[in-house]
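Okay, here's what each chain looks like letter by letter:
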Amino acid sequence: MKRQTRKILLIAVAALALIILAAGLIMLLQKDAFGDNYFTRNKAVATVNGAKITKNEFAIAVNNYYSNIEMYNMYASFGYGKAYDTTTEAGMQSLKNDILNNLIDAEINVQVAKELGITLTDEEKAEVAQSAQDTLTNLKEQILSSAQSSGSPDPETYAVSMLANYFSKMGISQKTFVARNEHSALASKYAEKLEEHFTAERNVSDAELKDIYDEYATLVFKDSYQDGAYSQYSASMEIPYLYIPEDFIFVQVIQISDAEKAQEIMTKIRGGEDFETFRTSEDNESAEGKALAADKGQPIGENDSIFNSAVYVLAKDMQVGDVDMVEAVDQDSDGSATASYYIVKRVEGTTGIVPYEEVKSVIDGTLKSYAGSKYFDEQMDAWREKVNIVIDDEAVQAFDPAA
């Protein structure tokens with residue numbers, strides 16, 4: 001009887017083991033929102049000296065960016081980041097390649113820092129860990145807010161369910177989510193430390209600054225110039241716009257809204273009275289025109305001027321020293337139209353890159369930072385050439401966040 005009981009128990013244990021194994025296999029084969037199961041989501045889309053960047057890690061990074069593509073493209077329109085036309089195959093591929101390269105660069109940062117012996121303080125390690133926890137906390141708060149907005153009678157319980165569903169769809173656990181964000185924060189912290197390391201190593205000398213200035217002004221201002229860039233550049237910036245296009249002209253301006261007053265001043269100037277007296281007087285309603293130094297002209301272009309376009313149309317055919325007046329209509333911020341009278345004097349000025357000596361006192365710190373950052377990029381590019389990077393181009397090309 002005992003033998004029979006033992007036999008039954010063994011059969012039951014074996015059956016339970018099979019049930020557990022089958023349940024586990026079902027879980028492993030369960031697909032996430034990207035169509036991947038446990039095995040496919042953990043395949044490498046790239047390796048950096050053997051360290052894996054998994055399909056799932058890549059898919060989530062692309063999905064997060066793509067889900068907010070309109071916001072990121074809006075930032076790009078203001079010069080922050082890069083715009084992607086994800087309605088085209090080329091645009092989508094560019095997005096995926098850039099995100100994968102960012103993941104690769106993050107892994108390189110960690111590996112290079114460790115190889116150079118760069119370490120984090122206990123405080124920095126705590127910041128990295130806290131950053132990862134904050135990301136999880138923010139996600140939970142967003143989901144709770146969504147649950148509360150849904151009108152659920154028990155939003156806390158519903159939020160827990162929504163959070164679990166999110167991780168299930170993404171194919172990761174909460175622990176993996178935190179670990180990945182901690183690794184990302186660690187890579188960012190190491191990037192800061194690496195830039196400090198290489199910037200200090202670069203040690204820019206004062207003798208180099210003139211050549212660095214020419215390169216910087218050309219790259220950042222001249223080569224990137226577009227219509228409107230000069231006039232839209234903030235006049236309050238410590239560093240002025242460092243390039244004046246070759247087709248610009250130079251003027252000094254008096255703006256007056258009262259027709260009789262404008263004509264009176266114009267008559268006096270034509271009669272020999274000093275233009276400068278009126279330009280710097282309270283009668284001049286143009287703050288920009290009034291603030292200009294006596295020996296300076298305001299650079300303006302046909303499609304790039306702080307003044308009404310009528311000023312350029314008038315001044316382009318004037319000779320240096322000539323003074324004339326034009327009536328123009330300005331659009332106010334509320335959409336209403338206001339007539340103004342511009343008394344314009346054509347003056348001399350020099351186009352091209354602003355001479356280094358004129359801005360030396362405010363630009364040297366920026367130039368040293370620029371040279372240090374450039375050296376950092378060069379060093380990291382050299383390290384990238386050294387490391388063994390393997391990319392599964394087929395897997396990258398096949399992934400489609402829009403599917």
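Above: the structure in question.
### Re the overall build of the protein
Part 1 of the argument: For the protein, the helix and strand inventory stands at 16 helices and nine strands.
Part 2 of the argument: The C-alpha atoms of the protein give a radius of gyration of 32 Å, which is well past the 22 Å a tight globule of 403 residues would have.
Part 3 of the argument: Seen through its C-alpha atoms, the protein measures out along the principal axes to roughly 130 × 60 × 40 Å.
Part 4 of the argument: On the protein, roughly 23,800 Å² of surface is accessible, and the fraction owed to carbon and sulfur atoms is 51%.
Part 5 of the argument: When the 36 positive and 65 negative side-chain charges of the protein are each reduced to one mean point, those points stand 15 Å apart.

### What about the nonpolar core?
Part 1 of the argument: Of all hydrophobic cores here, the largest spans 50 residues; its most connected members are Ile53, Phe58, Leu100 and Leu194.
Part 2 of the argument: Elements with a contribution of two residues or more to this core: strand S1 (44-48), helix H3 (55-67), helix H5 (89-115), helix H6 (122-149), helix H7 (155-170), helix H8 (174-202) and helix H15 (356-386).
Part 3 of the argument: When residues no more than four places from it in sequence are discounted, the contact partners of leucine 100 are Val45, Ala46, Ile53, Phe58, Ile391 and Val396.
Part 4 of the argument: In terms of nonpolar packing, the next biggest core, distinct from the first, is built from 24 residues, Tyr225, Tyr230, Phe248 and Leu367 among them.

### Brief notes about the packing of aromatic side chains
Part 1 of the argument: Tallied over the full model, the rule gives 21 aromatic pairs.
Part 2 of the argument: Ring geometry for phenylalanine 221 against tyrosine 241: centres 4.9 Å apart, planes inclined by 90°, an arrangement best described as edge-to-face. Taken together, the positions of phenylalanine 221 in helix H9 (residues 209-222) and tyrosine 241 in the loop between helix H10 (229-232) and strand S3 (243-244) put the pair 20 residues apart, joining distant regions of the chain. Considered together, phenylalanine 221 and tyrosine 241 belong to a single accessibility category, that of buried residues.
Part 3 of the argument: Ring centres of tyrosine 225 and phenylalanine 248 lie 6.4 Å apart, and the angle between their planes is 80°; on these two criteria the pair is classed as edge-to-face. A residue pair is termed long-range when its members are at least 10 positions apart, and tyrosine 225 in the loop between H9 and H10 and phenylalanine 248 in the loop between S3 and strand S4 (249-256) qualify at 23 residues. Across the pair, phenylalanine 248 and tyrosine 225 agree in class, each one buried.
Part 4 of the argument: Taken together, the aromatic side chains of Tyr216, Phe221, Tyr225, Tyr230, Tyr233, Tyr241, Tyr243, Phe248 and Tyr370 make up a single cluster linked through ring pairs.

### So, the pattern of salt bridges
Working definition: two side chains of opposite charge can pair if their charged atoms are close together.
Part 1 of the argument: Throughout the structure, instances matching the rule amount to 17 salt bridges.
Part 2 of the argument: Salt-bridge contacts for aspartate 283 lead to lysine 261; the nearest nitrogen and oxygen are separated by 3.8 Å. Separated by 22 residues along the polypeptide, aspartate 283 in the loop between helix H12 (275-279) and helix H13 (287-291) and lysine 261 in helix H11 (residues 259-270) bring together distant segments of the chain.
Part 3 of the argument: Take aspartate 283: its relative accessible area is 30%, and that puts it in the partly exposed class.
Part 4 of the argument: A salt bridge links aspartate 324 to arginine 270; the nearest nitrogen and oxygen atoms lie 3.4 Å apart. Placement of aspartate 324 in strand S6 (residues 323-331) and of arginine 270 in helix H11 is noted, with a sequence separation of 54 residues between them.
Part 5 of the argument: When salt bridges with common partners are traced through the structure, they connect Glu127, Lys189 and Glu192 into a single cluster.

Rules used throughout
- The residue numbering used here restarts from 1 in each chain and proceeds along that chain's sequence as written.
- Totals for whole chains, interfaces and linings use all residues, but because this is a predicted model, local features are given only for residues with pLDDT of at least 70 and pairs of side-chain atoms are given and counted only at 80 or more.
- Water and hydrogen atoms play no part in the side-chain values, which are based on all heavy atoms of the structure.
- Runs of H or I in DSSP of at least four residues are treated as helices and runs of E of at least two as strands, each being numbered from the N terminus.
- For this measure, only C-alpha atoms enter the radius of gyration; the expected value for a globule follows 2.2 Å times N^0.38, where N is the number of residues.
- Using a 1.4 Å probe, the Shrake-Rupley method yields the accessible areas, and only the shown protein chains count as cover for residues.
- Charged-residue counts in this description rest on Lys and Arg as positive and Asp and Glu as negative, His and the chain ends being excluded.
- Where a charge lies is defined by one atom per residue type, namely NZ (Lys), CZ (Arg), CG (Asp) and CD (Glu).
- We call a set of buried residues a nonpolar core when its members are Ala, Val, Leu, Ile, Met, Phe, Trp, Tyr or Cys and they connect through side-chain atoms within 4.5 Å of each other.
- Whether a residue is buried, partly exposed or exposed follows from its accessible area with a 1.4 Å probe, protein chains only, as a fraction of its type maximum: under 20%, in between, or over 50%, in that order.
- Here, two residues are considered to be in contact whenever any of their heavy atoms come within 4.5 Å of each other.
- Note on ring pairs: Phe, Tyr and Trp rings are taken, using the six-membered ring of Trp, and paired if centres are within 6.5 Å. Classes follow the plane angle, with under 30 degrees stacked, over 60 edge-to-face and the rest tilted.
- Counted as salt bridges are all cases of a side-chain nitrogen of Lys or Arg within 4 Å of a carboxyl oxygen of Asp or Glu.

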